[in-house]
Amino acid sequence: MPPFALRQAQGALVRQGWVTTYEYVGEDAWVDYARVDLRKGRSKLKLEWDQESGGSVAGPRAVLDELRVLDPWTDMQIKHGPH
């Protein structure tokens, strides 16, 4: 998940009622590293990206399965493979 895709996912999730509870703001934010934590009710998500891992989304499986906003990224991962 490149940083622009993470930002797009964050925006889409916020529009779906998720609230940003943490965003990494260090000097290298959105350049070398990015992390955003979101919450909706009792559910929590962590979107994280760095150049080595290529990015990840962590949260309860039931919540992740419902998040259509992440489909383009999932498709990209399948088509292009891990970086």
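For the structure itself, look to the data block above.
Read on for an overview of the structure.

Rules of the game
Residues numbered from 1 in each chain as written. Predicted model: local features only at pLDDT ≥ 70, side-chain atom pairs only at ≥ 80, totals over all residues. Heavy atoms only, no water. Helix = DSSP H or I, 4+ residues; strand = E, 2+ residues; numbered from the N terminus. Buried < 20%, exposed > 50% of the residue type's maximum accessible area, 1.4 Å probe, protein only. Contact = heavy atoms within 4.5 Å. Areas by Shrake-Rupley, 256 points an atom, 1.4 Å probe, with all protein chains shown as cover. Expected span 1.5 Å × (residues − 1). Phe/Tyr/Trp six-rings, centres within 6.5 Å; stacked < 30°, edge-to-face > 60°. Lys NZ or Arg CZ within 6 Å of the ring centre and 35° of its normal. Pairing = 2+ DSSP bridges. Salt bridge = Lys/Arg side-chain N within 4 Å of Asp/Glu carboxyl O.

**Description of the overall build of the chain**
The number of helices and strands found in the chain is 3 helices and 4 strands. N-terminal to C-terminal, the α/β element order of the chain is α-β-β-β-β-α-α. With 83 residues in all, the chain has 36% of them scored as buried. Within the chain, contacts between residues at least 6 apart in sequence are counted, and of these 34% link residues at least 24 apart. Per element, the accessible surface of the chain, about 5,400 Å² overall, is 52% carbon and sulfur.

**Here's the deal with helix H1 (residues 3-15)**
With 13 residues, H1 extends 18 Å from end C-alpha to end C-alpha; this agrees with the ideal 18 Å at 1.5 Å per step. Where H1 is concerned, the buried positions are Pro-3, Ala-5, Leu-6, Ala-9, Gln-10, Ala-12 and Leu-13. Among the structural elements, strand S1 (19-23), strand S2 (33-40) and strand S3 (43-50) are those in contact with the buried residues of H1. Within two residues after H1, Gly-17 carries a phi angle of roughly 105°, on the positive side.

**Focus on the packing of aromatic side chains**
Under the criterion given, the structure shown has 1 aromatic pair. Relative to Tyr-33, the ring of Tyr-24 has its centre 4.9 Å away and its plane inclined at 80°; by these criteria the two rings are edge-to-face. The side chain of Arg-7 reaches across the aromatic face of Trp-30, ending 3.9 Å from its centre.

**Here's the deal with the pairing of S2**
Bridging between S1 and S2 involves 4 bridges; their strand directions are antiparallel. Its bridge partner lying in S2, Glu-23 is registered against Val-36. Two elements, S2 and S3, share 8 bridges in a ladder whose sense is antiparallel. Opposite Arg-39, over in S3, you have Lys-44 as the bridge partner. What sits between S2 and S3 in their antiparallel hairpin is a turn of 2 residues, with Gly-41 showing a positive phi close to 65°.

**A look at the environment of Lys-46**
Within the secondary structure, Lys-46 sits in strand S3. Take Lys-46: its relative accessible area is 28%, and that puts it in the partly exposed class. When the C-alpha atoms of Lys-46 and Arg-35 are compared, they prove to be 7.1 Å apart, with 11 residues separating the residues in sequence. Once you skip the residues sitting within four places of it in the chain, Lys-46 turns out to touch Arg-35, Val-36, Asp-37, Ser-56, Val-57 and Ala-58.

**A word on the pattern of salt bridges**
As enumerated under the stated definition, the model contains 2 salt bridges in all. Where Arg-35 meets Asp-37, a salt bridge forms, and the shortest distance between an N and an O atom there is 2.7 Å. Across the pair Lys-46 and Glu-48 runs a salt bridge whose closest N-O atoms are separated by 3.6 Å.

Worth remembering: the numbers are spatial, not functional.
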